[in-house]
Amino acid sequence: MNIPPFVLLIALPLLGAPVIYLAGRFGLTRGARWLAPACAVAILGASWIPFALSVPDVVQGRTATYTLGSVTLALDGLGLLLAAVALALGLVVALYSGPYLGHELGTEKFSAMLVAMVGVMIGLGCATDLFNLWIWFEAMAVCSYLLVAFYREQPASLEAGLKYLMQSAAGSTLVLLGIGLVLAQTGTLRLEDLHAQGASGMLVAAGALFIIGFGVKAALVPLHTWLPDAHSQAPSGISAMLSGVVIEAGLVAMLRSLGALAGATGLWGPLLLAFGAVNMLLGNLMALRQVQVKRLLAYSSLAHMGYMLVGLGFFVTWHEVSGAQGGLFHLFNHGLMKGLAFLAAGSLLFTLHIQRGDHAPLTVQD
């Protein structure tokens, strides 16, 4: 059976995650705490091989597909872009987090969940039906919950993790309700088949549920309230992943679902433009009053999500291709820029506090 390279791109991190955990547990008994982070770096580094093998098909305009039973995966340009950001930032975070968390308990769990989260985000970008898109989305959420609350002995960290869990779970429930409406109306969940559906009030309601549900993870205002706490309380490497690629994966999921319902109504474009304008305004205004650096960067991410939404809204509303190109190019820019900004803030935090066992927030006064 011919297996496309992108399937290995998904499978390698997912199969490697339990290996990382077991290697980390073995390393703890031998005094080799570095073993789990080293395995994470090795697996994410090796994942670039199937990524490189997958690029030619996408560049030449071909969409690679793979079907297993009733589940079909496909890699297109948007999926490849998400995979590139997730792999690049994941590898940098794996390298960064070894020294950063060297003295903490549970580093083997951290490394395993980090690699698994990269794998499920790539899978999310390759989903071809709404239900499996939701499954990948939920798997990403579970991994990120555990990583946000990594400092479980700290009340603020647990509070941020609980807030993230409750709001994301509510959003996921709304997405599942929307999927039920789509299935009841059309009898199919395949994204390709849904493109042919015409105007329908039930599909409009489903699209609204998708905007709210996926919008929680994409940090659309006013669904963003989990974001500043989660970003500021998580380890800096996970703050980088949350801001640099997790919220963007939520945006990709929303674009996939709304794109499939494009025939239901012409309101999706104006809605994206409206959310983009509000995100830009509120994100920048809230960032101005922050004294904690990681909270400042978190609110800045709201504004940058707004820039992406405005570009994509222009494309959906007026079919202006340059709008989509600009929005997706900024997705790549923001993933690397904001991810590295959080890692830089984490380096200062490590130097000033963490290496002494103090998890105090990094403020402007520091």
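Residues numbered from 1 in each chain as written. Predicted model: local features only at pLDDT ≥ 70, side-chain atom pairs only at ≥ 80, totals over all residues. Heavy atoms only, no water.

(A) Quick look at the overall build of the protein chain. Scanning the protein chain from terminus to terminus reveals 14 helices and two strands. Over its C-alpha trace the protein chain gives a radius of gyration of 20 Å, about what one expects of a compact globule, namely 21 Å for 366 residues. Across its three principal directions, the C-alpha atoms of the protein chain cover 60 × 55 × 35 Å. A buried classification covers 56% of the 366 residues belonging to the protein chain. For the protein chain, the computed accessible surface area is about 14600 Å², with 70% contributed by carbon and sulfur atoms. (Helix = DSSP H or I, 4+ residues; strand = E, 2+ residues; numbered from the N terminus. Rg over C-alpha atoms; globule rule 2.2 N^0.38 Å. Buried < 20%, exposed > 50% of the residue type's maximum accessible area, 1.4 Å probe, protein only. Areas by Shrake-Rupley, 256 points an atom, 1.4 Å probe, with all protein chains shown as cover.)

(B) Representation of the pattern of salt bridges within the structure. In total, this model carries seven salt bridges according to the counting rule given. The shortest N-O distance in the salt bridge between Arg190 and Asp193 comes to 3.5 Å. In this structure Arg190 comes out as partly exposed when scored by relative accessible area, which is 32%. Residue class for Asp193 comes out partly exposed when judged on its relative accessible area of 34%. Residue Asp229 pairs with Arg295 through a salt bridge whose shortest N-O separation is 2.8 Å. On the criterion of sequence distance, the pair formed by Asp229 in helix H10 (residues 227-233) and Arg295 in helix H13 (residues 293-318) is long-range, its members being 66 residues apart. Judged on exposure class, the residue Asp229 and its partner Arg295 are both buried. The structure contains a network of salt bridges with shared partners spanning Lys163, Asp229 and Arg295. (Salt bridge = Lys/Arg side-chain N within 4 Å of Asp/Glu carboxyl O.)

(C) Spotlight on helix H4 (residues 77-100). Between its first and last C-alpha atoms H4 spans 34 Å; for 24 residues at 1.5 Å apiece the expected length is 34 Å, and the two agree. Most of H4 sits out of view: 18 of its 24 residues are buried. Near the N-terminus of H4, the side chain that reaches the backbone nitrogen of Leu78, with its oxygen 3.4 Å away, is that of Asp76. (Expected span 1.5 Å × (residues − 1). Polar contact = N/O pair within 3.5 Å; in protein donor to acceptor, adjacent residues only side chain to side chain.)

(D) Seen up close, the side chain of Thr107. With respect to the helices, strands and loops of the structure, Thr107 is situated in helix H5 (residues 107-126). Here Thr107 falls in the buried class, since its relative accessible area comes to 7%. Each residue touching Thr107, except ones within four places of it in the same chain, is listed here: Arg33 and Leu101. (Contact = heavy atoms within 4.5 Å.)

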